Amino acid sequence: MTAATVEFAKMNGLGNKILVVDMRGRADRVSPGAAVSLAGNPETAFDQIMAIHDPKLSGTDAYIDILNCDGTRAQACGNGTRCVVQALAAETGRKTFTFQTIAGILNAVEHEDGTISVDMGEPVFEWNRIPLAEEFHDTSRIELQIGPIDAPILHSPSAVSMGNPHAIFWVDRDPMTFDLDRFGPLLENHPMFPEKANITLAQVTAPDAMTTRTWERGAGLTLACGSAACAAAVSGARTGRTGRRVTVTVASSPNRQALTIEWRERDNRVVMTGPAEWEWSGTLDPATGAWQRSTPSESGASAS
Ligand SMILES: N[C@@H](CCC[C@H](N)C(=O)O)C(=O)O
């Protein structure tokens, strides 16, 4: 008989709020309703759920189902993938993992210093695979702008899919100084993006460094977005703004933490390296989202 509850861990990657849910040994999934209920509680509020399922493909360790806090599915989540690696490494003592997601196969490794590298796959530039609603021969600079027509505030983003759709707007000052909570929803839902898009502001600060801030599809303003950091790094190199290995400082993350992103020349794959952090653990009902804390909390609260 399938148990009513499963174990989960509240974690984060650069402040990106993640629930890692252990769905192994079960045929059901975390329901969109459960996700919305968990997201609505300040204690379990999250940006993404990373649900670990039994592998569907030989040679992989797990199938990962990714849900945004609005209950929609996402194809990729860089910060969440590092959290999954840390959780499974702590459980098994292993250091390397291969996961399957809707977007493909991801390889990951936990290093001696505790940081985690995830091979996020190959970037996709074809307009209809990002996808965009209009044909663009060159998606490194597409026609899209916000603000007055003769003095746009944001314009000409680079578009790319890292499994999930991203638009990178190049800015010349700190991304925190822009009103992204106002522009984000307009751009996420712009008709140019038939599957919506993650919207990132990126300021190049050196040939090997940039600063980003992201409005996430299905989650809004989050403290960090790993796939967006990959998308920005690839777009920086593609447009000649940076080299292929960059430090991406995520302006909105606590203490402005950074990820290292390398777009490898030899195989076209993008490797993201950074930390993950466990906060507390509990159990939850994947059908309803009812939950219970099983490790101590500072607040003393214990249940939904
Ligand atoms: N925070 C994630 C990205 C999550 C998915 C995104 N909101 C989408 O719907 O594509 C990351 O770290 O990559």
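Refer to the structure printed above.
Presented here is an overview of the structure given in this document. (Residues numbered from 1 in each chain as written. Predicted model: local features only at pLDDT ≥ 70, side-chain atom pairs only at ≥ 80, totals over all residues. Heavy atoms only, no water.)

## Considerations on unusual backbone geometry
Working step 1: Of note, the bond from Ile 130 into Pro 131 is cis; its omega dihedral lies within 30 degrees of zero at -5°.
Working step 2: Following the sequence through the fold, Pro 131 ends up in the loop between strand S8 (116-119) and strand S9 (145-146).
Working step 3: Positive phi is not limited to glycine here, since Ser 156 has a value of about 50°.
Working step 4: As for its position among the elements, Ser 156 is in the loop between strand S10 (154-155) and strand S11 (158-161).
Working step 5: The phi dihedral of Asn 255 falls on the positive side, at around 60°, and the residue is not glycine.
Working step 6: Within the secondary structure, Asn 255 is located in the loop between strand S16 (245-250) and strand S17 (258-263). (Helix = DSSP H or I, 4+ residues; strand = E, 2+ residues; numbered from the N terminus.)

## Details of the pattern of salt bridges
Working step 1: Taken as a whole, this structure holds 19 salt bridges when the rule is applied.
Working step 2: When the shortest N-O distance is used, the salt bridge between Glu 265 and Arg 244 registers 3.9 Å. Of this pair, Glu 265 sits in the loop between S17 and strand S18 (270-274) while Arg 244 sits in the loop between helix H4 (226-238) and S16; the two residues are 21 residues apart in sequence, bridging distant segments of the chain.
Working step 3: Residue classification places Glu 265 among the exposed residues on the basis of a relative accessible area of 66%.
Working step 4: A salt bridge links Asp 267 to Arg 266; its shortest N-O distance comes to 3.7 Å.
Working step 5: For Asp 267, a relative accessible area of 24% puts it in the partly exposed group.
Working step 6: Residue class for Arg 266 comes out exposed when judged on its relative accessible area of 68%.
Working step 7: Through salt bridges with shared partners, a single network forms among Asp 119, Arg 264, Arg 266, Asp 267 and Arg 269. (Salt bridge = Lys/Arg side-chain N within 4 Å of Asp/Glu carboxyl O. Buried < 20%, exposed > 50% of the residue type's maximum accessible area, 1.4 Å probe, protein only.)

## Here's the deal with the site of the ligand
Working step 1: The ligand sits among 15 residues. The nearest are Asn 16, Glu 216, Arg 217, Gly 226 and Ser 227.
Working step 2: A distance of 2.7 Å separates a nitrogen atom of the ligand from a polar atom in the side chain of Asn 16.
Working step 3: The contact in question runs from a nitrogen atom of the ligand to an N or O atom on the side chain of Gln 48, over 2.9 Å.
Working step 4: Contact with the protein chains hides 100% of the accessible area of the ligand, taken as 370 Å² for the molecule alone.
Working step 5: Elements represented by at least two residues in the shell around the ligand include exactly helix H2 (78-92) and H4.
Working step 6: Residue classes in the shell around the ligand are distributed as 4 nonpolar, 9 polar and 2 charged. (Near = heavy atom within 4 Å. Polar contact = N/O pair within 3.5 Å; in protein donor to acceptor, adjacent residues only side chain to side chain. Areas by Shrake-Rupley, 256 points an atom, 1.4 Å probe, with all protein chains shown as cover. Nonpolar A, V, L, I, M, F, W, Y, C, P; charged D, E, K, R; others polar.)

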